[in-house]
Amino acid sequence: MSEQSVMSARNIVTAIPGPISQQLHVKRLKEVSHGVGAALPVYIDHAHGALVTDVDGNRFIDLGSGIGVTTIGHTNDELVKAVQEQVSKLTHTLFTVTPYVPYIEVCELLNKYTPGNFEKRSALFNSGAEAVENAVKFARKFTGRGEIAVFDHGYHGRTNLTMAMNFKAMPYNSGFGPFAPGVHHVPMSYPLRDGGITGEEAAKRAINYMEKRVGAANLAAIVIEPIQGEGGFIVPAPGFLPALSAWAKANGIVMVADEVQSGVARTGRWFATHYEDGFEPDMFTIAKGIAGGMPISAVTGRAEIMDSSHAGGIGGTYGGNPVAAAAAVAVLKQIEAGGVLERALELETILLSRLNELKEKHSVIAEVRGRGAMIAIEFVEPGTLNPNSAASDKVVKFCHMNGVIVLNAGTFGNVIRFLPPLAITDAQLHEALDVLAAGLETL
Ligand SMILES: *Cc1c(COP(=O)(O)O)cnc(C)c1O
């Protein structure tokens, strides 16, 4: 119907990638390290809301948000204004030399809206990995212990310590070792693949492992994503996270929730931890969705842990940069003002109903899971639990060719994850899911 194409949010006017993108890609391969990948080498010129337009004039619906970063929407009006005002006033002093206000404002908002009824402090950094590194520093300093526990299928970054904390060797770690010592990998709760054990049983398995392999008295911290991001949006079975945090508390171990991907309104609550009654982290790592793409991250936690470092032990040249901090304040204040969390829940309703319909129809989809605007589908060979990345790859490619940006995920590469900007309209989301449905028909 011609009317439909007029109404369409997508506008694909060339082959994908288009001729200008192809030229740029040749140049890029000559100039940019090949260690830096590109999932979809269309070069983006501009974006707004949930629509991104490339240098050839192709317009895509974004269901990835640059991996959960532009949660508030691309070029969000209030964020753009805050950045423009701040950049013309002050771009840098170094907070640890001569401080400035936006840094404190970000910390105040995070202390207020992270879970936990206790006195908190925050510290600001540049990336998710740097936040995780610093959470480990705080936990070690506070406890005087060295060992760290992390979970199968987890992802925490690309620095040396965080590579040691990742589950998956390819592509994140392979060939880049040796890695930081003192990191122990523990079995996760992965309901689809756990053979029906309860969250409490999965926690017992993990705790057993920590007790026997590491020893509770040697553990400084347990670091876990309350919903695993790169692992494929694995939501642990009910009871798993509360049992872990109760055991951590009983043994003087700092419980760290890595909310870099799941935090800041993504799941329809301020933090994914808010869904887990009885899960009581002492510390949170926060990045991705906090500032619409301006590079800033945070560690927020119990005052006594966060104050355990001597002055000067924590910091970095750019951490909590004034422009990035102003962007974070603009994002956090919009969530505070209301409507943003509700929007994530509305998107959840659409995503779950459309994706569950597709699951009924296509036996390659084993599970639809996640919370809020953080939803994924896992692909298997029909009638088995064998991962089927051939199928998910084909659907991802079909979406890309037809103007929808989706991301894959999962230890087995067989998950498609949806992280739309919350500024997406219902019509745009439906249109993107129609493309996904058509992609599934091609299998
Ligand atoms: C992305 C991510 C990180 C690393 O963040 P960077 O900003 O890429 O360093 C850490 N933890 C989780 C859960 C993530 O999703």
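Residues numbered from 1 in each chain as written. Predicted model: local features only at pLDDT ≥ 70, side-chain atom pairs only at ≥ 80, totals over all residues. Heavy atoms only, no water.

**Here we look at the site of the ligand**
Spelled out, the test is: Note on definitions. A residue lies near a molecule or strand when any single heavy atom of the residue is within 4 Å of it. By the criterion applied in these results, polar contacts are pairs of N or O atoms within 3.5 Å in which, for protein atoms, one can donate a hydrogen and the other can accept it, and in which residues neighboring in sequence qualify only through two side-chain atoms. All accessible areas in this document rest on Shrake-Rupley with a 1.4 Å probe, and a residue is counted as covered only by the protein chains that are shown.
Near the ligand, the surroundings consist of S127, G128, A129, Y155, H156, G157, E225, D258, V260, Q261 and K288. Within the side chain of K288, a nitrogen or oxygen atom sits 2.7 Å from an oxygen atom of the ligand. Protein contact buries 82% of the 380 Å² of open area that the ligand shows by itself.

**Examining the side chain of T71**
Test applied: Strands are runs of DSSP state E lasting at least two residues, helices are runs of H or I lasting at least four, and both sets are numbered from the N terminus onward. Buried means the residue's accessible area, taken with a 1.4 Å probe over protein chains only, is under 20% of the maximum for its type, while exposed means over 50%, and partly exposed covers the values in between. Only heavy atoms matter for contacts: two residues are in contact if any of them lie within 4.5 Å across the pair.
Note that T71 resides in the loop between α3 (65–68) and α4 (77–89). A relative accessible area of 2% means that T71 is categorised as buried. For T71, the side chain forms a polar contact with the side chain of R266, separated by 3.2 Å. Apart from the residues within four sequence positions on either side, T71 is in contact with S65, V264, R266, G289, P421, L422 and A423.

**A look at the packing of helix α5 (residues 101–113) against helix α11 (residues 322–337)**
Our working rule: Every axis in this analysis is a line fitted to C-alpha atoms, fitted for helices over the stretch in contact. Angles between the N-to-C directions lie between 0 and 180 degrees. Handedness of a crossing is defined here by the sense of rotation of the near helix relative to the far one, left-handed for an anticlockwise turn of less than a right angle and right-handed for a clockwise turn. Residue type decides the class: Asp, Glu, Lys and Arg count as charged, Ala, Val, Leu, Ile, Met, Phe, Trp, Tyr, Cys and Pro as nonpolar, and the leftover types, Gly among them, as polar.
Where α5 meets α11, the closest approach of the two axes is 8 Å, and the angle between their N-to-C directions is 35°. Note on packing geometry: the crossing formed by α5 with α11 is left-handed. Two secondary-structure elements touch here, α5 through P102, Y103, E105, V106, L109, L110, K112 and Y113 and α11 through P322, A325, A326, A328, V329, L332, K333 and E336. Across the contact of α5 with α11, the residue classes break down as 12 nonpolar, no polar and four charged.

**Description of the pairing of strand β12 (residues 374–379)**
Inclusion rule: Any two strands between which DSSP finds at least two bridges are classified as paired.
Within β12, six of the six residues are buried, which leaves it mostly tucked inside the rest of the structure. The alternating pattern of β12 places M374, A376 and E378 and I375, I377 and F379 on opposite faces, both of which are buried. With six bridges joining them, strand β11 (residues 365–371) and β12 adopt antiparallel strand pairing. Bridging across to β12, E367 finds its partner in E378. Counting the residues between successive antiparallel strands, the hairpin from β11 to β12 contains two residues, one of them, G372, with a positive phi of roughly 60°. Across four bridges, β12 lies against strand β15 (residues 415–418) in antiparallel orientation.

**Describing the sheet that holds strand β14 (residues 407–409)**
Taken in spatial order, the four strands line up as β11-β12-β15-β14 in an open sheet, and their pairing is antiparallel. Of all the strands in the sheet, just β11 and β14 have a single pairing partner and so form its edges. Going across the sheet, the axis of each strand differs from the next one's by a mean of 30°, ignoring polarity. The sheet strands contacting helix α12 (residues 340–361) are β11, β12 and β15, and the helix crosses β11 at an angle near 175°. Strands β12, β14 and β15 of the sheet are contacted by helix α13 (residues 389–401), whose axis makes an angle of about 40° with β15.

**Section: the domain arrangement of the protein chain**
Just so we agree on the cut-off: Domain extents, as shown, originate in an automatic or database domain assignment. Here the buried area means the combined drop in accessible surface, using a 1.4 Å probe, for two parts upon being joined, counting both sides.
According to the domain assignment, the protein chain consists of domain 1 (3–62 + 340–441) and domain 2 (80–337). Distance between the C-alpha centres of domain 1 and domain 2: 27 Å. If you look at the interface, domain 1 gives 31 residues, while domain 2 gives 27 residues. Of the roughly 2,400 Å² buried between domain 1 and domain 2 on both sides combined, carbon and sulfur atoms contribute 60%. When the area that domain 1 buries against domain 2 is broken down by residue, the three leading residues are R371, M374 and T411, summing to 32%.

**With respect to the sheet that holds strand β8 (residues 254–258)**
As summarised here, the arrangement of the seven strands in space is β4-β10-β9-β8-β7-β5-β6, forming an open sheet in which the pairing is mixed. Of all the strands in the sheet, just β4 (120–125) and β6 (183–186) have a single pairing partner and so form its edges. Averaged over all pairs of adjacent strands, the angle between strand axes in this sheet comes to 20°, irrespective of strand direction. The sheet contacts of α5 involve β4, β9 (283–286) and β10 (297–302), and relative to β4 the element is tilted by about 130°. Together, β5 (147–151), β7 (219–224) and β8 form the strand contacts of helix α9 (residues 240–250), whose direction differs from that of β7 by roughly 165°.

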